[in-house]
Amino acid sequence: MPHFQGDEAVNYDSRITKLVPGYELLHQLTAAQLLTLLPDESTILIVGAGTGRDIIELANANESWHFIAQDVSADMLDIAKAQFTEHGLLSRVTFHYGELTTLDAPVDAALCLLVMHFLPDNGDKNTLLQAIRRNILSSGVVFIADLVVPETQFEREAQLAMCRTLGLTEIGEQRMRHNLSHEFYPLNRIRLAELLETSELSEPHTYFKALGFSGIVCHAL
Ligand SMILES: C[S@@+](CC[C@H](N)C(=O)[O-])C[C@H]1O[C@@H](n2cnc3c(N)ncnc32)[C@H](O)[C@@H]1O
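All values reported here derive from a predicted model rather than from experimental measurement.

**Things to note about the packing of aromatic side chains**
Enumeration according to the criterion identifies five aromatic pairs in this entry. For the pair Phe-4 and Phe-118, a centre-to-centre distance of 5.5 Å together with 65° between the ring planes defines the contact as edge-to-face. Of this pair, Phe-4 sits in the segment before α1 (7–10) while Phe-118 sits in the loop between β4 (107–113) and α6 (124–135), and the two are 114 residues apart along the sequence. Overall, the relative accessible area of 9% leaves Phe-118 in the buried class. Pairing Phe-118 with Phe-184 gives two aromatic rings, centres 5.0 Å apart and planes at 35°, and the pair type is tilted. Of the two residues, Phe-118 sits in the loop between β4 and α6 while Phe-184 sits in the loop between α8 (170–182) and α9 (189–198), which places them 66 residues apart along the sequence. Across this residue pair, the class does not change: Phe-118 and Phe-184 are buried. Through successive ring pairs, a cluster of aromatic residues spans Phe-4, Tyr-12, Phe-118 and Phe-184.

Spelled out as structure tokens, the structure:
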């Protein structure tokens, strides 16, 4: 798994838009749905908040929402903190540095965008989902986006071609090609549904799909 520390954290914002086709749209669509679902003064947990993109998008969508920014990388959270300061959002964000299993905070919704695909399906994905479920209220919704198992034999190649179109260099493409098979643990739909059910989360509904990346929404059972 990438460590998201040092240069990996510093370069994240310029790198990620070339690696995830539709990265900005994913965040916009997630925010649009939360806007229709959540009332004012809601609290949203951002699992793997990274450099803060999820929160900046949501904070602009509704000025009364509060956020918990959780991540296991202090470097990513430091960058997020600087961005929130710049955008005047710092007072609306509580930081949780460390594993989600150590958080105990009831929230109205949770986002877990581009995080769970880094965890092997050896109990680690389950642990994360259960920690999300434990923190959301009984009416809570969860948005998850990950690299998933390809639906066609040409989807991964098309994904890499799209990354080149988005500005990824040839060396970057080679690295991504290697990473796709060595650093990600993509799920298929059936296995994802099983893991959600085990964690007392509902069946998933797809709201985003861009080549290898899928976004789903589910709710607490
Ligand atoms: C690809 S970034 C996504 C960041 C952000 N959600 C976004 O959409 O830009 C993945 C983030 O997940 C974090 N991460 C990795 N494993 C994690 C875990 N077990 N719990 C929480 N965060 C984790 C990494 O440190 C990194 O900041």
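There's more to say after this.
**Regarding the layout of surface pockets**
Here the largest pocket is characterised by a volume of approximately 1,100 Å³. Contributing to the lining of the largest pocket are 49 residues, with Pro-2, Phe-4, Tyr-12, Leu-114 and Phe-118 lying nearest its centre. Those elements that provide at least two residues to the lining of the largest pocket are α1, α2 (12–19), α3 (23–37), α4 (53–61), β2 (66–71), α6 and α8. Sorting elements by how many residues they give to the lining of the largest pocket places α2 first, with five residues.

**What to know about the UniProt feature "domain: Methyltransferase" (unreviewed entry) in the protein chain**
Under the local residue numbering, the UniProt record ascribes the feature "domain: Methyltransferase" (unreviewed entry) to residues 44–135. Between the end C-alpha atoms of residues 44–135 the distance is 10 Å, and the span holds 38% helix and 24% strand.

**Description of the site of the ligand**
In the vicinity of the ligand, 20 residues are found, and the nearest of them are Tyr-12, Tyr-23, Gly-48, Asp-71 and Leu-113. The backbone of Gly-48 places a nitrogen or oxygen atom 2.8 Å from a nitrogen atom of the ligand. Contact between the ligand and Asp-71: an oxygen atom at 2.6 Å from a side-chain N or O atom of the residue. Judged by the fraction of its atoms near the pocket grid, the ligand is located in the largest pocket. Mapped by element, the contributors of at least two residues to the shell around the ligand are α3 and β2. Counted by class, the shell around the ligand contains twelve nonpolar, five polar and three charged residues.

**Here we look at the environment of Arg-53**
In this structure, Arg-53 sits in helix α4. Along the sequence, Arg-53 and Asp-13 sit 40 residues apart, while their C-alpha atoms lie 8.6 Å from each other. Setting aside residues no more than four positions away along its own chain, Arg-53 makes contact with Tyr-23, Glu-24 and His-27. Within polar-contact distance, the side chain of Arg-53 engages the side chain of Glu-57 at 2.8 Å.

**A few points about the pairing of β4**
With six of seven residues buried, β4 lies mostly within the body of the structure. Strand direction decides the pairing type here: strand β1 (residues 43–47) and β4, joined by three bridges, are parallel. Its bridge partner being in β4, Ile-44 is matched across the sheet by Ala-109. For β4 and strand β5 (residues 136–147), the ladder comprises six bridges, and the chain directions are parallel. If you follow Ala-109 over to β5, its bridge partner there is Val-141.

**Details of the pairing of strand β7 (residues 213–219)**
Burial runs high along β7: six of the seven residues are buried. Note that β5 and β7 share seven bridges and pair antiparallel. Residue Leu-147 lies in a different strand from β7, and its bridge partner there is Phe-213. Where strand β6 (residues 205–210) hands over to β7, the hairpin turn is made up of two residues, of which Leu-211 adopts a positive phi near 50°.

**Observations concerning the pattern of salt bridges**
If the charged atoms of two oppositely charged side chains come close together, the side chains can form a pair. Enumeration according to the criterion identifies eight salt bridges in this entry. Note that Arg-189 and Glu-151 form a salt bridge whose closest N and O atoms lie 3.0 Å from each other. You can see Arg-189 sitting in helix α9 and its partner Glu-151 sitting in the loop between β5 and α7 (155–165), a full 38 residues away along the chain. Judged by its relative accessible area of 48%, Glu-151 is partly exposed.

Conventions and cut-offs
Residues numbered from 1 in each chain as written. Predicted model: local features only at pLDDT ≥ 70, side-chain atom pairs only at ≥ 80, totals over all residues. Heavy atoms only, no water. Phe/Tyr/Trp six-rings, centres within 6.5 Å; stacked < 30°, edge-to-face > 60°. Helix = DSSP H or I, 4+ residues; strand = E, 2+ residues; numbered from the N terminus. Buried < 20%, exposed > 50% of the residue type's maximum accessible area, 1.4 Å probe, protein only. 1 Å grid on protein atoms, 1.4 Å probe; cavity = no way out; pocket = protein on both sides within 12 Å on 5 of 7 lines; lining within 4 Å. Points joined across faces, edges and corners; volume = space filled by probe spheres on them. UniProt positions renumbered as here; feature names shortened; annotations may be inferred. Near = heavy atom within 4 Å. Polar contact = N/O pair within 3.5 Å; in protein donor to acceptor, adjacent residues only side chain to side chain. Sits in = over half its atoms within 2 Å of the grid points. Nonpolar A, V, L, I, M, F, W, Y, C, P; charged D, E, K, R; others polar. Contact = heavy atoms within 4.5 Å. Pairing = 2+ DSSP bridges. Salt bridge = Lys/Arg side-chain N within 4 Å of Asp/Glu carboxyl O.

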